[in-house]
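Letter by letter, the chains look like this.
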Amino acid sequence: MISIPCSDNVFKSLRERTGPGPWFLEMLRLENIFLRLGNNPLFRNLSVSVPAGGRLLVRGRSGSGKSSLLRLLLGFGRPDQGRVVVMDRVLGLDNVWALRRHMAYVSQDMELGRGRVGDFYREAFAFRANRGMGFRLEETVHLLETFDLDKKVLDQPLEKLSGGERQRVAIILTLLLHRDIYLLDEVTSALDQPLKERVARYFEQEVKATLVVVSHDPVWDVKKFQTLDLEKHGSRA
Amino acid sequence: MEAAPDISVFRLLMGFGLLLVPVVLSQVYRLGLIRRLLVSVGRMTGQLFLVSILLIYLFDWDNAWLNTGWVLVMILFASFSAIHNSSLDFRRFFLPVSLAYVIGAGGVLLFFNAVIVNPDNLFTAQLLVVVGGMLLGNSLNSLIIGISRYYETIRREQNRYLYLISLGAGPGEARRPFFREAVLAALNPFLANMATMGVVFLPGMMTGQILGGASPDTAIKYQVAIMLAIFAAVTLSVTLALLFTSRRSFDGFGVLQEDVFRRKD
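Thresholds, definitions, all that
- Residues numbered from 1 in each chain as written.
- Chains lettered and ligands numbered in written order.
- Predicted model: local features only at pLDDT ≥ 70, side-chain atom pairs only at ≥ 80, totals over all residues.
- Heavy atoms only, no water.
- Patch = residues over 30% accessible without salt bridge, like charges linked within 9 Å, V, L, I, M, F, W, Y side chains within 5 Å.
- Areas by Shrake-Rupley, 256 points an atom, 1.4 Å probe, with all protein chains shown as cover.
- Salt bridge = Lys/Arg side-chain N within 4 Å of Asp/Glu carboxyl O.
- Helix = DSSP H or I, 4+ residues; strand = E, 2+ residues; numbered from the N terminus.
- Buried < 20%, exposed > 50% of the residue type's maximum accessible area, 1.4 Å probe, protein only.
- Contact = heavy atoms within 4.5 Å.
- Buried area = accessible area lost by both parts, 1.4 Å probe.
- Polar contact = N/O pair within 3.5 Å; in protein donor to acceptor, adjacent residues only side chain to side chain.
- Pairing = 2+ DSSP bridges.
- Axes fitted to C-alpha atoms, helices over the stretch in contact; angles between N-to-C directions.
- Domains from an automatic or database assignment.
- Nonpolar A, V, L, I, M, F, W, Y, C, P; charged D, E, K, R; others polar.
- 1 Å grid on protein atoms, 1.4 Å probe; cavity = no way out; pocket = protein on both sides within 12 Å on 5 of 7 lines; lining within 4 Å.
- Points joined across faces, edges and corners; volume = space filled by probe spheres on them.
- Right-handed = clockwise from strand over helix to strand, strands pointing away.

Thoughts on a nonpolar patch on the surface
Residues and elements named next belong to chain B.
Moving on, step 1. A grouping of Leu20, Val21, Val24, Leu25, Val28, Tyr29 and Leu31 is seen on the molecular surface, where their side chains present a nonpolar patch of about 720 Å² in accessible area.
Moving on, step 2. Mapped onto the secondary structure, Val24 falls in helix α2 (residues 20-29).
Moving on, step 3. The class for Val24 is partly exposed, based on a relative accessible area of 46%.

Quick notes on the interface of chain A and chain B
Moving on, step 1. Taken residue by residue, the interface counts 37 residues in chain A and 22 residues in chain B.
Moving on, step 2. Around 2,400 Å² of area is buried between chain A and chain B when both sides are counted, 65% of it from carbon and sulfur atoms.
Moving on, step 3. The largest contributions to the chain A side of the interface with chain B come from A:Phe76, A:Trp97 and A:Phe127, which together make up 30% of the buried area.
Moving on, step 4. Across the contact surface, chain A and chain B share 1 salt bridge.
Moving on, step 5. In this structure, the salt-bridge partner of B:Arg180 is A:Glu123, at a minimum N-O distance of 3.4 Å.
Moving on, step 6. At the surface where chain A touches chain B, the tally comes to 12 residue pairs in polar contact (both at pLDDT 80 or more).
Moving on, step 7. Elements represented by at least two residues in the side of chain A that touches chain B include exactly α3 (96-100), β6 (103-106), α4 (117-125) and α6 (163-176) of chain A.
Moving on, step 8. Per element, the largest residue contribution to the side of chain A that touches chain B is 5 residues, and it comes from α6(A).

Considerations on the environment of A:Val213
Residue and element names in this part refer to chain A.
Moving on, step 1. Relative to the elements of secondary structure, Val213 occurs in strand β8 (residues 210-214).
Moving on, step 2. Along the backbone, Val213 and Glu145 are 68 residues apart, and their C-alpha atoms lie at a distance of 23 Å.
Moving on, step 3. Ignoring anything within four residues of it in the chain, the contact list for Val213 reads Leu56, Leu57, Val58, Leu184, Trp220 and Phe225.

Observations concerning the sheet that holds β6(A)
Residues and elements named next belong to chain A.
Moving on, step 1. On the basis of which strands lie adjacent, the open sheet formed by 5 strands has the order β6-β7-β8-β3-β9 and parallel pairing. With partners counted over all chains shown, the strands left at the sheet margins are β6 and β9 (226-229), one partner each. Averaged over all neighbouring strand pairs, the angle between strand axes comes to 15°, with direction disregarded.
Moving on, step 2. The pairing of β6 with strand β7 (residues 181-185) spans 4 bridges and is parallel. When the sheet's bridge partners are listed, Tyr105 is paired in β7 with Leu183.
Moving on, step 3. α6 rests against β6 and β7 of the sheet, and its axis sits at about 175° to β6.

Looking at the domain arrangement of chain B
Residues and elements named next belong to chain B.
Moving on, step 1. Domains assigned within chain B are domain 1 (1-61) and domain 2 (62-260).
Moving on, step 2. Computed over C-alpha atoms, the centres of domain 1 and domain 2 are 28 Å apart.
Moving on, step 3. Across the boundary between the two partners, domain 1 contributes 11 residues, which contact 15 residues of domain 2.
Moving on, step 4. Taken together, the links from domain 1 to domain 2 amount to 0 salt bridges.
Moving on, step 5. Linking domain 1 with domain 2 are 3 residue pairs in polar contact (both at pLDDT 80 or more).
Moving on, step 6. Broken down by class, the residue content of the side of domain 1 that touches domain 2 amounts to 9 nonpolar, no polar and 2 charged.

Quick word on the pattern of salt bridges
Moving on, step 1. Here the structure, examined in full by the defined rule, presents 18 salt bridges over all chains.
Moving on, step 2. With a closest N to O distance of 2.7 Å, B:Glu157 and B:Arg160 form a salt bridge.
Moving on, step 3. Bridged by salt links that share partners, the residues A:Glu26, A:Arg29, A:Glu31 and A:Arg83 form one connected network.

Observations concerning empty space enclosed by the protein
Moving on, step 1. Taken as a whole and assessed by the stated rule, the structure comprises 2 cavities of 30 Å³ or more.
Moving on, step 2. There is about 50 Å³ of room inside the largest cavity.
Moving on, step 3. Lining the largest cavity are A:Leu28, A:Arg29, A:Leu30, A:Val48, A:Val50, A:Leu56, A:Leu69, A:Leu73 and A:Val212.
Moving on, step 4. Sorting the residues of the lining of the largest cavity by element identifies β1 (26-37), β2 (40-51) and α2 (66-73) of chain A as the ones contributing at least two each.
Moving on, step 5. A class-by-class count of the residues in the lining of the largest cavity yields 8 nonpolar, no polar and 1 charged.
Moving on, step 6. By volume, the second largest cavity is sized at about 40 Å³.
Moving on, step 7. Lining the second largest cavity are B:Ala82, B:Ile83, B:Ser86, B:Leu88, B:Leu143, B:Ile144, B:Ile147 and B:Ser148.
Moving on, step 8. Within the residue set of the lining of the second largest cavity, elements represented by two or more residues are α4 (64-84) and α6 (125-156) of chain B.
Moving on, step 9. At 4 residues, the largest contribution of residues to the lining of the second largest cavity is made by α6(B).

A look at unusual backbone geometry
Among all residues save glycine, negative phi is the norm, and among peptide bonds the norm is trans.
Moving on, step 1. We note that A:Asp88 has phi near 70°; this positive angle belongs to a residue other than glycine.
Moving on, step 2. For A:Asp88, the position within the fold is in the loop between β4 (81-86) and β5 (89-90).
Moving on, step 3. Judged by its relative accessible area of 52%, A:Asp88 is exposed.
Moving on, step 4. We note that B:Asp62 has phi near 45°; this positive angle belongs to a residue other than glycine.
Moving on, step 5. Along the chain, B:Asp62 falls in the loop between α3 (34-61) and α4.
Moving on, step 6. When its relative accessible area of 33% is taken as the criterion, B:Asp62 is described as partly exposed.

Observations regarding the pairing of β7(A)
Residues and elements named next belong to chain A.
Moving on, step 1. With 5 of 5 residues buried, β7 lies mostly within the body of the structure.
Moving on, step 2. By the alternation rule, side chains of β7 split into Ile181, Leu183 and Asp185 and Tyr182 and Leu184, which are all buried.
Moving on, step 3. Summarising the sheet, β7 and β8 pair through 5 bridges and their orientation is parallel. Bridge pairing links Tyr182 to Leu211 in β8.
Moving on, step 4. Following the backbone out of β7, through helix α7 (residues 193-205) and into the adjacent parallel β8, one traces a crossover that is right-handed.

As for the layout of surface pockets
Residues and elements named next belong to chain B.
Moving on, step 1. When its volume is computed, the largest pocket comes out at roughly 890 Å³.
Moving on, step 2. Together, 23 residues line the largest pocket, and Ser52, Leu55, Phe59, Val130 and Gly208 are the ones closest to its centre.
Moving on, step 3. Secondary structure elements with two or more residues in the lining of the largest pocket: α1 (9-16), α3, α6 and α9 (204-211).
Moving on, step 4. In terms of residue class, the lining of the largest pocket is built from 16 nonpolar, 7 polar and no charged.

Structural data, given as structure tokens:
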């Protein structure tokens, strides 16, 4: 079992944001997970715990199950054995859709479909779960600038964006939604070095939410994360 | 205007002489298509011959029930063919797709006959079977494109689907963009086709009617009407087919079921 320490002010900021309602010491827990992919055992008795505001960096060569780990947390893959616990609730049919609303997931090489960026953003804010949040243009423009995008990008069609632009557009939307848990799967792979830095520093310094970062890119500051090496804790243990 | 003269069997056989062109070219350039060509030409000739016998009888009896029954058989066969030519599982899709096709194409066919043509008898072979066949033949390909595009895109762009769900989309909201793209993919060929019609080629129904002796202005009215009907039938059948199949193709977690796709042996 890996436990990840986190500082008190993270709790404070979380409490300020969520009010006096329920908040959690532990955000994510994988309990004795066994997962097979075909005949290939991927995880054998994998256990991880991430506290609220904690940061986990998942490493391992390709095929070691990095993406499968995130899919388990999102309820998109079911473990053969073991439990996935999100915000004190065992992930199951009755709560999976509600729990996903606390998470944001961004992967590499995001396809976003067609249509203008601004419309894509507005459509996400029109989802039933997001009604009442309101699409805030000011905050959007600020984030676009933070990630080196002109606000004119809002009028551009998604299909005309470069891979790196699309990636940042996808990341920004999740930031606008202020999720409690961010699951990032090699999100910096399509970006050049200065932008990789900017994205990694932003998540490390500005985002107070719980982070699970899957990456083999040295851009992430290992000192700020607890690392989970799947080659040690997975099937090759 | 007079109908074009009949083609005698002897002259049609002379027509087969045209096959010499591809056969010789295939020999010279080793295209390797002779065998497939002969099988395809054989099937076409045989099937059309059999259908012509069937049509002769259908026109002769001209029984409303028989005509309707034959249209249903055509719809079932078209659904069979649509799924067979896609990567989707037959048992899961045959019934819902057939039902969508019966409502979509069948409904539009009745509208075409009743409202646009407005004859004394709706269920004559001439209108029901012939126009029905035309409607089905022209919408089949788009139905295949629409249904397979939807499921294949969700499978291929799984990250995008997951991303939408993590953005707060419910099951229906997460599938909506894929639905939109699938319906557009099914309709796009028609939009392009209708825009060039008459300039680049003379469409089949119009050609047929003019050869049959109708005046060109009657022929174009039928052609415009049938294009509108095909477009409506495709939109309706694809939409219904996706509505009927989509809910059961995902589990409670929103994961696309593996058995949606045909098992690869």
